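# Chain and residue survey
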Amino acid sequence: MADGVKPRVKAPKKAAVGEVVTIKCLISHSMESGQRKDKDGNKIPRSIINRFTCEFNGNSVIDVVMEPAISTNPYFQFDATVPEAGEFKFTWYDDDGSVYEDSKKVAIG
Amino acid sequence: MKLKTITAIAAALFATTAIADEDAELVINGDLEIVTKTAAPAHLSDALDEIMSGWRFRSDGTQAMQMDDFDNPGMAAVDGAAEAWATVEGEKGKSCASCHGDVAESMVGVRAVYPKWNEKAGEVRTLAMQINDCRENQMGAKAYGYTSGDMAAMEALLSVQSRGMPVNVAIDGPVAATWEKGKELYYTRFGQLDLSCANCHEDNYGNMIRADHLSQGQINGFPAYRLKNTKLNTVHDRFKGCVRDTRAETFKPGGAEFIALELYVASRGNGLSVEGPSVRN
Amino acid sequence: MDFSRRDTLALGLGAAALTMLPFRVNAAADDAIAAFTGGASVEDGGIDLGAPEIAENGNTVPIDVSAPGATAILLLAAGNPTPGVATYNFGELAGAQSASTRIRLAGTQDVVAIAKMSDGSFKRAAKTVKVTIGGCGG
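First, a word on scope: everything that follows refers to the structure included in this document. (Residues numbered from 1 in each chain as written. Chains lettered and ligands numbered in written order. Predicted model: local features only at pLDDT ≥ 70, side-chain atom pairs only at ≥ 80, totals over all residues. Heavy atoms only, no water.)

To continue, consider the pairing of strand β7 (residues 109–117) of chain C. Residue and element names in this part refer to chain C. Among the nine residues that make up β7, eight are buried, leaving the element largely enclosed by the rest of the structure. As paired elements, β7 and strand β8 (residues 122–129) share eight bridges and run antiparallel to each other. Bridging across to β8, A115 finds its partner in K123. The loop that links β7 with its antiparallel partner β8 comprises four residues; one of these, G120, has a positive phi angle of about 90 degrees. (Buried < 20%, exposed > 50% of the residue type's maximum accessible area, 1.4 Å probe, protein only. Helix = DSSP H or I, 4+ residues; strand = E, 2+ residues; numbered from the N terminus. Pairing = 2+ DSSP bridges.)

Quick look at the structure:
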């Protein structure tokens, strides 16, 4: 598992039924592109988060295939519809097999 | 085509491009107003009328990144430092919280007055020096590297507790000698390029130096998340880079020169709000 | 490493040839688009691509894209060593077919967005982003 990888998500705690809410997600990750070279001129191998998904109560909101051109500390902002009370699940998949997760509960109100 | 015509057209083209919105106001999270432009402090009034935060010199997109703590990539490090604050470290079995309790209470206003005089130690202390003094002497823990990621994160955590408060460093009394030294450094030309801080940041803020849009070189926003290296940067790190860019042998972070310079440069921003962690180029 | 004059000339010509390739015509980008569309035709319009005219810094460039009615959007940087940036696949609970992110651009180039619409058609938008380097960035 890559070191110090931490998610940071902004999601509302409450929403009306059917409301569209804005979600902001950041995760601290170096996103080593595979283009950089070390001091001896050898290419530093690629090691990125290659996929990000957001689900609500098991239904897909967004599924992002990520390439090395996504900046360090990948950030996404998108809109989601909240049909009922429940939980957002955020998942990041690392090249090295690690999976990072975060979740945010939403109440109706 | 005459040179004048070409330059005029080039100037016009450049003017229409949104390099920066120097009239924008910064409000964080919809409710925290940040002073990014104000009258210059008395000690500076013969050189500048107004002082401006580096935020004003950045592009619209970069400015926007600071308006919401969930858009600001520097805040991820603040989360990490908040955890470190509560983590026991060192021989004495303490965490920062053991003595200081809740950071949001005990550290309010602290960042705004640093660097400052420490009576007991008989020296001017920067925030980094004080953090390490606590770590080594109160916690029996290892000092953070002066410009390390851990130090930058902790400085950012402390900055957040003073965010929106006016920078207010003392320049008289026991710090006066250090302040004078810092001021002298600020106006001294260094390096093969023979440039002083003032040449760019006092005489030419708002202009372009090649592809960079020059700011006033204020440090109210430090530590700064720089887009170019995607991490938080401390003041001395930036000073080191600036002096190196004049093609001089640069000074050591944590050394006497940069401590004096930090005190002086901080005082040039007296009146601007503590803004860190900021987002810069 | 010892270069003969011949080697140096060849290297120089090679470099000149590479820089003369217009960024718009990038074979790898075209391949990526073809793979996404399956060879179908792509029309302009129906998709909004937000990108700065001049990037503050090529390492972190904010890009947003919006295509009402799309099921997926492909983002490409036509002048990067590899053009792929991201593919947004919108689920049933997407509040809008739009997303923002921050990307790396290796130099001045076109950022291209291709939207796959729910009716099977494809829409295209592109913006040129200037990426500068040089100054006293330290």
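After that view, the rundown keeps rolling.
Okay, the pattern of salt bridges next. The final tally for this structure, using the stated rule, is 22 salt bridges over all chains. Between R36 of chain A and E32 of chain A there is a salt bridge, and its shortest N-O distance comes to 2.8 Å. Of the charged contacts in the structure, one is a salt bridge between D71 of chain B and R102 of chain C, with a shortest N-O distance of 4.0 Å. Of this pair, D71 of chain B sits in the loop between α2 (60–65) and α3 (75–85) while R102 of chain C sits in strand β6 (residues 94–103), placing the two residues on different chains. Considered together, D71 of chain B and R102 of chain C belong to a single accessibility category, that of buried residues. Through salt bridges with shared partners, a single ionic network connects K10 and K24 of chain A, D68 and D71 of chain B together with R102 of chain C. (Salt bridge = Lys/Arg side-chain N within 4 Å of Asp/Glu carboxyl O.)

With respect to the secondary-structure elements, T87 of chain C resides in strand β5 (residues 84–90). The exposure class assigned to T87 of chain C is buried, which follows from its relative accessible area of 13%. In contact with T87 of chain C, not counting residues within four places along its chain, are D63, V64 and V65 of chain A together with F36, I73 and L74 of chain C. (Contact = heavy atoms within 4.5 Å.)

A few words now on the sheet that holds strand β3 (residues 19–27) of chain A. Here we have six strands laid out as an open sheet, ordered β1(A)-β3(A)-β6(A)-β6(C)-β3(C)-β2(C), and antiparallel in their pairing. The open sheet has two edge strands, β1 (7–10) of chain A together with β2 (48–50) of chain C, and neither has a second partner. Recorded for the sheet is a direction-independent mean angle of 20 degrees between the axes of neighbouring strands. Here eight bridges tie β3 of chain A to strand β6 (residues 75–82) of chain A, and the two strands are oriented antiparallel to one another. By the bridge assignment for β6 of chain A, E19 of chain A is matched with V82 of chain A. (Axes fitted to C-alpha atoms, helices over the stretch in contact; angles between N-to-C directions.)

All names here are of chain B. Packing of helix α10 (residues 235–245) against helix α11 (residues 256–268) brings their axes to within 10 Å, and their N-to-C directions diverge by 105 degrees. As judged from the angle between their axes, α10 and α11 are roughly perpendicular. Contacts between α10 and α11 pair V235, H236, F239, K240 and V243 from the former with F258, I259, L261, E262 and V265 from the latter. Among the residues forming the contact of α10 with α11, the class breakdown is seven nonpolar, one polar and two charged. (Parallel < 35°, antiparallel > 145°, perpendicular 65-115°, else oblique. Nonpolar A, V, L, I, M, F, W, Y, C, P; charged D, E, K, R; others polar.)

Take the interface of chain C and chain B next. In this complex, chain C contributes 15 residues to the contact, which on the side of chain B involves 22 residues. Summed over both partners, the interface of chain C with chain B buries about 1,700 Å², with 48% contributed by carbon and sulfur atoms. Seen at the junction of chain C and chain B, the total is two salt bridges. Counting across the interface, chain C meets chain B through nine residue pairs in polar contact (both at pLDDT 80 or more). Of the residues assigned to the side of chain C that touches chain B, the class counts are four nonpolar, eight polar and three charged. (Buried area = accessible area lost by both parts, 1.4 Å probe. Polar contact = N/O pair within 3.5 Å; in protein donor to acceptor, adjacent residues only side chain to side chain.)

Here we take up α3 of chain B. Residues three or four positions apart in an α-helix share a direction because the helix packs 3.6 residues into each turn. Regarding α3 of chain B, the residues found buried are M75, A76, V78, A81 and W85 of chain B. On its buried face, α3 of chain B sits against β1 and β3 of chain A together with α4 (96–100), α5 (103–106) and α7 (149–161) of chain B.

This next bit is on the nonpolar core. Proteins that are soluble and globular tend to have nonpolar side chains buried together. Counting 57 residues, the largest nonpolar core has F52, F78 and F88 of chain A as its most contacted members. Setting aside residues no more than four positions away along its own chain, F88 of chain A makes contact with V21, I23, C54, E55, F56, V61, A80, V82, D102, S103, K104 and V106 of chain A. Formed by 56 residues, the second largest nonpolar core is a distinct cluster that contains C96, Y146, V167 and V243 of chain B. (Core = buried A, V, L, I, M, F, W, Y, C linked by side-chain atoms within 4.5 Å.)

Evaluation of the coordinates by the stated rule reveals 15 aromatic pairs over all chains. An aromatic cluster is built from F52, F76, F78 and W92 of chain A together with Y88 and F90 of chain C, whose rings are joined through pairwise contacts. Above the plane of the ring of F70 of chain B lies R8 of chain A, whose end atom (NZ or CZ) is 4.4 Å from the centre. Its end group placed over the ring of Y75 of chain A, R102 of chain C keeps NZ or CZ at 3.8 Å from the ring centre. (Phe/Tyr/Trp six-rings, centres within 6.5 Å; stacked < 30°, edge-to-face > 60°. Lys NZ or Arg CZ within 6 Å of the ring centre and 35° of its normal.)

Residue and element names in this part refer to chain A. The residue R36 is located in the loop between β3 and β4 (49–56) in this model. In this view, R36 contacts N42, K43 and I44; residues no more than four positions away in its chain are not counted. A polar contact of 2.8 Å, which involves the side chain of R36, links it to the side chain of E32.

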